[in-house]
Structure formats: C-alpha cells, structure tokens
Amino acid sequence: MARELTLDETFERLEEAIGSLEQEDISLEESFKLYKEGMKLVKSCNDKIDKVEKEVLKLNGNDETEELD
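A brief report on the enclosed structure follows. (Residues numbered from 1 in each chain as written. Predicted model: local features only at pLDDT ≥ 70, side-chain atom pairs only at ≥ 80, totals over all residues. Heavy atoms only, no water.)

Describing the overall build of the protein chain
For step 1, the next point in the chain: Helix and strand content of the protein chain: 2 helices and 0 strands.
For step 2, the next point in the chain: Here the protein chain holds 69 residues, and the buried ones make up 14% of them.
For step 3, the next point in the chain: Restricting the contact set of the protein chain to residue pairs at least 6 apart, pairs at least 24 apart contribute 53%.
For step 4, the next point in the chain: Just so you have it, the protein chain exposes about 6,100 Å², and 53% of that area is on carbon and sulfur atoms. (Helix = DSSP H or I, 4+ residues; strand = E, 2+ residues; numbered from the N terminus. Buried < 20%, exposed > 50% of the residue type's maximum accessible area, 1.4 Å probe, protein only. Contact = heavy atoms within 4.5 Å. Areas by Shrake-Rupley, 256 points an atom, 1.4 Å probe, with all protein chains shown as cover.)

Here is the structure:
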C-alpha cells in the first residue's frame, strides 16, 4: 500500500499535471487521464485542509467556524 502524499506533495503533483495538460502535443486520452488525476488531487487537498481546520477549531475549544488567518 502506497503512503499518503503530504499536502505539499499533493500540490506539487497537481502542478505537474497542470504543466502536462498545457503541452500542445498531449493526446486526448492522456489529457483525460491527467484531468481525472487532477480532480482526485484537488479533492485530496480539500480533505486535508478541512481536517487541519477542524483540528485547529478543536484545539481552540471552539465549535463555531471562525476565519483562520
């Protein structure tokens, strides 16, 4: 089983996928594959950010949503 990517690694892989999608000679099949991977990476980033935000709110002892700077 592969280890889970860190948030930084996920962003880096997403940037690589975007760079590949911007190439002029990419095939439709490859662009679709990269798009699907990118969408999974975006979801992973959102999940990781949500998890951290919930942990911060828990540490603050505050169940209310507050803007994090």
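There's plenty left to go through after this.
Section: a nonpolar patch on the surface
For step 1, the next point in the chain: A grouping of F32, Y35 and M39 is seen on the molecular surface, where their side chains present a nonpolar patch of about 340 Å² in accessible area.
For step 2, the next point in the chain: Of note, M39 is situated in helix 2 (residues 28-60). (Patch = residues over 30% accessible without salt bridge, like charges linked within 9 Å, V, L, I, M, F, W, Y side chains within 5 Å. Salt bridge = Lys/Arg side-chain N within 4 Å of Asp/Glu carboxyl O.)

Thoughts on the pattern of salt bridges
Two side chains of opposite charge can pair, provided their charged atoms sit close to one another.
For step 1, the next point in the chain: Within this structure, the stated rule accounts for 5 salt bridges.
For step 2, the next point in the chain: The shortest N-O distance in the salt bridge between R13 and E37 comes to 2.7 Å. You can see R13 sitting in helix 1 (residues 7-21) and its partner E37 sitting in helix 2, a full 24 residues away along the chain.
For step 3, the next point in the chain: Of the charged contacts, one joins D47 and K43 as a salt bridge, the two residues approaching to 2.9 Å between their closest N and O atoms. Placement of both D47 and K43 in helix 2 is noted, with a separation of 4 residues, approximately one turn of the helix.

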